[in-house]
Protein chains: 2
Amino acid sequence: MQELKGQRVTNQRRLLLDLIRRVEGHLDADELYRLAKARDPHVSLSTVYRSLRLFKELGLVEERHFIEEHHHYEVKGGIEHHHVVCHGCGKVMEFECPFVERMKKDASNKTGFHILGVEVSMEGYCDRCQERIEGV
Amino acid sequence: MQELKGQRVTNQRRLLLDLIRRVEGHLDADELYRLAKARDPHVSLSTVYRSLRLFKELGLVEERHFIEEHHHYEVKGGIEHHHVVCHGCGKVMEFECPFVERMKKDASNKTGFHILGVEVSMEGYCDRCQERIEGV
DNA sequence: AATGTTATTGCAAATGATTTTCAATTGCAA
DNA sequence: TTGCAATTGAAAATCATTTGCAATAACATT
Ligand SMILES: [Mn+2]
Ligand SMILES: [Mn+2]
Ligand SMILES: [Zn+2]
Ligand SMILES: [Zn+2]
C-alpha cells in the first residue's frame, strides 16, 4: 500500500482498501463498514467515510452515483466502463462504451470546455425484470 | 396547468411550476423556494419539495444530479440534452449528443437491458477557468 | 352561494447520509 | 525511546429531504 504517500499507513486503511479491492461490485459506505467490522470489530463508520474520501482523492477508488441517494465505490484502474441500473430490481451491469472519445471531442468543440471525465449512465429493465413485467 | 389531472390546482403549485418554466437554468429546491417566497411569502419549503416530486412524477420537470449533493431541476419537454460541469466555477453548459441512440443500442446488445434513459455527464474546466489556471 | 369531503399546506420534528469536533491513541521520524 | 503530528472512535452537527399532524383550501355536490 505504497500509494498512501505522505499519509500514514494505518491498520484500518489497509483493511478498508484491501476489502474494496477484493470484493467485486459496487460497495456503499455501510456495506464496507459491515465487512470491515467483521474483521476488526472496532473500526468506526467515520473512519470508513474518511478513508473513502482519501482513497477517492488519491485516485484509488471511484465514486458512483446510481439511483439511490447514497454513493457506491469501486476500485479505479481497470478498463473504463459505464453502468446500467435496473428499475425493477436495482441490478447494476457494466459495459464498455466505444463512443466516449468521440463524444468528448464533440462536446469539447461545442462547449469550449476542457473535458476531463465522461460518465454515461443508463437506466431501464434487466432481462429478468423485462419478462417478469412482460413487456414493460 | 391542465397537466395536473386528478390532483388539485393550487396557488403554490401554479406559482412553482410557473417559476420553473420561466427561469431558465437548473434550479435547486432552495433557489426555487426563495423565488417563490418573494412572490408569495407563505409558501413553505416542504411544499416546494412535495411539488417538485409531483412535477417529476408527472413528467413535467427533470431532476439533475450534478457534482453537488443536492438536486437541480429543469423543465422537461424540450430537446434532449446533456451537461458539462466546470470543476473550477461550477458553471453548467448544455449540449446535444448525437451518439445516444447508437450507445443505447450498443449497451442494450451487450447487457440485455431494455434501456429507457441515457444520461451523459461530463466534467472539466470551462474556457474561462482554463485560462485562469493556465493549462489545468 | 353554502356545504362536505379530502387533498394540500405549513410547521416542526424525524430521517438518512455524511461530516465535524475533540480528546485519546497511534504511526513514524528522529 | 521519545515527541509530535496524523489518525481514530464516539457523539454531536450538518445538510438535504421527508413525514406527521392539525388547520386550510379546492372543488364536486347540493
Ligand atoms: Mn463499475
Ligand atoms: Mn439542462
Ligand atoms: Zn431487474
Ligand atoms: Zn469554470
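K.L.:
What am I meant to see in the pairing of strand E6 (residues 114–125) of chain B here?
P.N.:
For a regular strand, the rule is simple: side chains alternate between the two faces of the sheet. When strand E6 (residues 114–125) of chain A meets E6(B), the two strands line up antiparallel, connected through eleven bridges. Its bridge partner being in E6(B), A:Ser121 is matched across the sheet by B:Glu119. Bridge count for strand E4 (residues 82–86) of chain B against E6(B) is four bridges, and the pairing is parallel. Directly across from B:Val85, in E6(B), lies its bridge partner B:Glu123.

K.L.:
Help me understand the protein's contact with DNA strand D, please; the structure alone is not making it clear to me.
P.N.:
Lining the immediate surroundings of DNA strand D are 20 residues, of which A:Arg13, A:His42, A:Thr47, A:Arg50 and B:Tyr49 lie closest. Of what DNA strand D places within 4 Å of the protein, 65% of the atoms are sugar or phosphate. In this structure, a phosphate oxygen belonging to DNA strand D sits 2.4 Å away from a main-chain N or O atom of A:His42. It is helix H3 (residues 45–57) of chain B that contributes the most residues to the surface near DNA strand D, four residues altogether. When grouped by side-chain class, the residues that make up the surface near DNA strand D number three nonpolar, eleven polar and six charged.

K.L.:
Sorry if this is basic, but what is going on with the coordination of the manganese ion (ligand 2) here?
P.N.:
For a metal bound by four donors in tetrahedral geometry, the ideal donor-metal-donor angle is 109.5 degrees, whereas six donors in octahedral geometry ideally sit at 90 or 180 degrees. Residue and element names in this part refer to chain B. Donor atoms from the polypeptide that coordinate the manganese ion (ligand 2) comprise His 26 (NE2), Glu 74 (OE), Glu 74 (OE), His 81 (NE2), His 83 (NE2) and Glu 94 (OE), at 2.2 to 2.4 Å from the metal. Of note, the donors binding the manganese ion (ligand 2) are all from one chain and are spaced H-x47-E-x6-H-x1-H-x10-E. Separated by 20 residues along the polypeptide, Glu 74 in strand E3 (residues 72–75) and Glu 94 in strand E5 (residues 92–95) bring together distant segments of the chain. Overall, the relative accessible area of 39% leaves Glu 94 in the partly exposed class.

Parameters at a glance
- Every chain's residues receive numbers from 1 upward, in the order its sequence appears when written.
- Throughout, the order in which chains and ligands are written sets their labels, letters from A for the former and numbers from 1 for the latter.
- pLDDT decides what is reported in this predicted model: residues at 70 or higher carry local features, side-chain atom pairs at 80 or more are listed and counted, and totals for whole chains, interfaces and linings draw on all residues regardless.
- Side-chain measures here rest on the full set of heavy atoms in the structure, leaving out hydrogens and waters.
- Two strands are counted as paired when DSSP detects at least two bridges linking them.
- A run of H or I in DSSP counts as a helix once it spans at least four residues, and a run of E counts as a strand once it spans at least two, with each numbered from the N terminus.
- Any residue with a heavy atom positioned within 4 Å of a molecule or strand is treated as near that molecule or strand.
- Polar contact criterion, stated in full: a pair of N or O atoms within 3.5 Å, where within protein one must be able to donate a hydrogen and the other to accept it, and residues adjacent in sequence count only if both atoms are side-chain atoms.
- Here the nonpolar group is Ala, Val, Leu, Ile, Met, Phe, Trp, Tyr, Cys and Pro; Asp, Glu, Lys and Arg are the charged ones; every other residue, Gly included, is treated as polar.
- The donor set covers N, O and S atoms within 2.8 Å of the metal, switching to 3.2 Å for Na, K and Ca, and it leaves out water, so a site may look short of donors.
- Throughout, exposure labels follow a simple rule: accessible area from a 1.4 Å probe, protein chains only, divided by the maximum for the residue type, with under 20% read as buried, over 50% as exposed, and the rest as partly exposed.

Bear in mind that shape data such as this cannot, by itself, settle questions of function.
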